[in-house]
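What follows is the residue order along each chain.
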Amino acid sequence: MVVPVITSAWLVLVFAPSAFAGVQLSCPSNIGIEKGHNATIGCNTSEPPTEVLWYVGSPSSTNPILSLDNNLKSGTLYGSSRFDIKSNGEVIISNAQIEDEAVYTVVAFFATGNYEVGNINASIKGMPLIARCSSCSNCSLQINRTGQLQCTVTESRPKVPLRLEIRRSKHLQFTTGESTSQKNEKLGTWDTSTSAKYSFDACGGFADIRCLAQDDINLLHRKDSYIRVTSG
């Protein structure tokens, strides 16, 4: 069972009961981690292992990224500011990034001389980030007569709809352009942009515009930014 622990800044995935609490090594097949958040990855077995090795991919072709042998920690990522291994064999990932998406393989050795192997497919969920003219919750722009707005969602997965909406306006002519998307084939993420041109036909005009990125609530958190545009 995955228990989400949410604070204002972090979402930590904690596996309960504690890792290594069953007879056989039992690992979740898949976990999802929000980009930029912390996560704890672990498996269950009733017999505490004497040694735990974690790999990215196959153990036969890579060196362990983290290992715990009689409470001694090591591994290619040991000492990294974002990776650590707990005393019970769980892996901690801090500030998860797209490049952390992988199949993590754990090899656990026991006092009996037996060992067990488990795999966890960790996927990173893209968080829509609205940039430019909307990087704050309430942006205020003052222009003379004409201007252009552009909003961008970066590193989203999957590609998200993005649009500009006029919520309230006076003396404004508003033309929305086509949204454009570009995929990063290596990371499998999308950057999407939309823009609009506007002009005021009189001084003292104004508009409240919303930049909206939204998709399935189970995949992405909805993000809105509001822009107040006034003519001088």
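Reading guide: rules and limits
Residues numbered from 1 in each chain as written. Predicted model: local features only at pLDDT ≥ 70, side-chain atom pairs only at ≥ 80, totals over all residues. Heavy atoms only, no water. Disulfide = S-S within 2.5 Å. Helix = DSSP H or I, 4+ residues; strand = E, 2+ residues; numbered from the N terminus. Buried < 20%, exposed > 50% of the residue type's maximum accessible area, 1.4 Å probe, protein only. Pairing = 2+ DSSP bridges. Axes fitted to C-alpha atoms, helices over the stretch in contact; angles between N-to-C directions.

**Here's the deal with the state of the cysteines**
In the structure shown here, the tally under the stated rule is 1 disulfide. A disulfide bridge connects Cys 27 with Cys 43, and the sulfur atoms are separated by 2.0 Å. Negative torsions about the S-S bond denote left-handed disulfides, and the value of about 110 degrees found for Cys 27 with Cys 43 makes this one right-handed. Of this pair, Cys 27 sits in the loop between strand S2 (11–15) and strand S3 (30–34) while Cys 43 sits in the loop between strand S4 (39–41) and strand S5 (51–56), and the two are 16 residues apart along the sequence. With respect to burial, Cys 27 and Cys 43 carry one shared label: buried.

**A few points about the sheet that holds S5**
Taken in spatial order, the 6 strands line up as S3-S11-S10-S5-S6-S7 in an open sheet, and their pairing is mixed. Among the strands making up the open sheet, the edge pair consists of S3 and strand S7 (72–74). Averaged over all neighbouring strand pairs, the angle between strand axes comes to 20 degrees, with direction disregarded. Inspection of the sheet shows S5 paired to strand S6 (residues 66–69) by 4 bridges, in the antiparallel sense. Along S6, the bridge assignment pairs Trp 54 with Leu 66.

**Comments concerning the sheet that holds strand S8 (residues 83–85)**
Ordered in space as S4-S9-S8, the 3 strands form an open sheet in which the pairing is antiparallel. Each having just a single partner strand, S4 and S8 make up the two edges of the open sheet. Ignoring which end each strand starts from, the neighbouring axes of this sheet average 20 degrees apart. By the bridge criterion, 3 bridges tie S4 to strand S9 (residues 91–93) in an arrangement that is antiparallel. For Ile 41, the partnering residue across the bridge sits in S9 and is Val 91.

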